[in-house]
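# Observations on the three-dimensional arrangement
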Amino acid sequence: MAGYLIKIRMQKRIERRLTYFLGITFAAVILLFYMVPDIHRVSLASDGDGVATYSVMDLLRSGDELYSVDTTQTAKEVEHQLRLTLPMDVDPGKVSFTEDAMSKSFELTIPGVDSSYFYDYPMVGSSDGIRELTFAHAGDMGILDITTTKIKKLSLTVEDNYVYLDFADPHDVYDAIVVVDIGHGGNDVGANQGDIYEKNINLAIGYRLLAYGAKSEYNIGFYFTRVDDDYIDLEDRVALANDLKADLFLSIHNNSTASGRMSGINGAEVMYRVSDETGRSREFAETCLNELLEALDCNSKGVVAGDNIYIIRSSEVPVALAEIGFLTNQKELDNLNDPGYQDKAAHALYKAIVKTLKNNGADLKKSIRLEEK
Ligand SMILES: [Zn+2]
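This text gives an overview of the structure that appears in the document. (Residues numbered from 1 in each chain as written. Predicted model: local features only at pLDDT ≥ 70, side-chain atom pairs only at ≥ 80, totals over all residues. Heavy atoms only, no water.)

The topology assignment puts T147 in strand β8 (residues 141-148). Judged by its relative accessible area of 19%, T147 is buried. The residues contacting T147, other than those within four sequence positions of it, are S103, K104, S105, I130, R131 and E132. (Helix = DSSP H or I, 4+ residues; strand = E, 2+ residues; numbered from the N terminus. Buried < 20%, exposed > 50% of the residue type's maximum accessible area, 1.4 Å probe, protein only. Contact = heavy atoms within 4.5 Å.)

Spelled out as structure tokens, the structure:
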């Protein structure tokens, strides 16, 4: 009798386990369906607002053939990479774009078109160097998202009811390229004193450097790893400089004592890559430090070997990481929070960039910058 009961209990236990097992398997399968995007999602995604986004890569590929067989096309049309046709009542001059070098993408805004735009007005051209093209429609705006395989500069040429798109190597557009990394961001606040975060001071100085870059008399392409309070992986920061084969890579930071306690320690220091055999990293760091000392009249902590820092040792281009001041020194903390001081620091870094580029033999012409909208 007892043996029979045990048998039943064991059977019940096995059944219960089987139920658990099947339940978990079922849940896993459901989860898998959610997590693995199916083929439909790749070509036809829908964002939160119910805006349909579809890939127009295939439409372009069929356009490739169109482009080569259409003998009526003028040389002018063929010399451009992509051609968009707009409905008669749409002003081609209102087509604008934004670029994001970090994601190698452009967002082209086309006013006054509807969701069937690319079917009604096929795009022609070459898909060379283009990874993905998607089209979304929101309100009376069409948004064409273009992702390229390499970082490119996009230019638009408007003629009649056509908009021509061309993608250039940034080095063909600019006389020199500088990547500015604004340290920390998002959840990574960096050093802090109460509610004063290093990430925000870095950004404030970076913004001012961006302004000096924008009004530069030289045709230098400035790229920033962030211009918002975003968390950015270290790998992505250094990849921007390496992918662009930047002439210089500058990272903006601020310092603190190891303990984070207030102290008398203060001053600017700039790190460089010892393993850079060209010596350009050290030279750039020294120039940054000298300009900072002159502009800020602060204490010098010197140039320091920084190969233990990931973005420094992974940089394939001349790199300097400027620690402008100490948040753990009351006087310097007050200075770093002062917009005038931030501006002086940014201008010093701008001057150091121009000086180093010239020393390195960059042919900086005072030319007109490409018009961007
Ligand atoms: Zn930092």
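Further remarks concern the sheet that holds strand β14 (residues 220-224). Read across the open sheet, the six strands follow the order β14-β11-β15-β18-β16-β17; overall the sheet is mixed. Across the chains shown, the open sheet's two edge strands, defined by having one partner strand only, are β14 and β17 (300-305). Direction aside, neighbouring strands of the sheet carry axes that sit 20 degrees apart on average. With six bridges connecting them, strand β15 (residues 248-255) and strand β18 (residues 319-326) associate as parallel partners. Across the sheet, H253 pairs through a bridge with E323, a residue of β18. Against the sheet, helix α8 (residues 234-243) makes contact with β11 (176-182), β14 and β15, and its axis sits at roughly 175 degrees relative to β11, the strand it touches most. The strands touched by helix α12 (residues 339-359) are β11, β14, β15 and β18; relative to β15, the strand with the most contacts, the crossing angle is about 155 degrees. (Pairing = 2+ DSSP bridges. Axes fitted to C-alpha atoms, helices over the stretch in contact; angles between N-to-C directions.)

Turning next to the coordination of the zinc ion. The protein atoms that coordinate the zinc ion are H184 (NE2), E198 (OE), E198 (OE) and H253 (ND1), at distances spanning 2.1 to 2.7 Å. Relative to the metal, the four donor atoms surrounding the zinc ion lie at angles of 51 to 142 degrees, and the coordination shape comes out irregular. As a motif over one chain, the donors of the zinc ion read H-x13-E-x54-H. A residue pair is termed long-range when its members are at least 10 positions apart, and H184 in the loop between β11 and β12 (192-193) and H253 in strand β15 qualify at 69 residues. (Donors = N, O, S within 2.8 Å, 3.2 Å for Na, K, Ca; no water. Tetrahedral: all angles 85-135°; square planar, octahedral: opposite > 155°, others 65-115°.)

Time to look at the packing of aromatic side chains. This structure, assessed with the given rule, holds ten aromatic pairs. With centroids separated by 6.3 Å and ring planes inclined at 75 degrees, the aromatic side chains of F97 and F106 adopt a geometry described as edge-to-face. Across the pair, exposure class does not vary: F97 and F106 are buried alike. Taken together, a centroid distance of 6.5 Å and an interplanar angle of 90 degrees make the contact between Y174 and Y223 edge-to-face. Here Y223 lies in strand β14 and Y174 lies in the loop between α6 (170-173) and β11, a separation of 49 residues in the sequence. (Phe/Tyr/Trp six-rings, centres within 6.5 Å; stacked < 30°, edge-to-face > 60°.)

Fair warning: the whole summary comes from geometry, so function is off the table for now.
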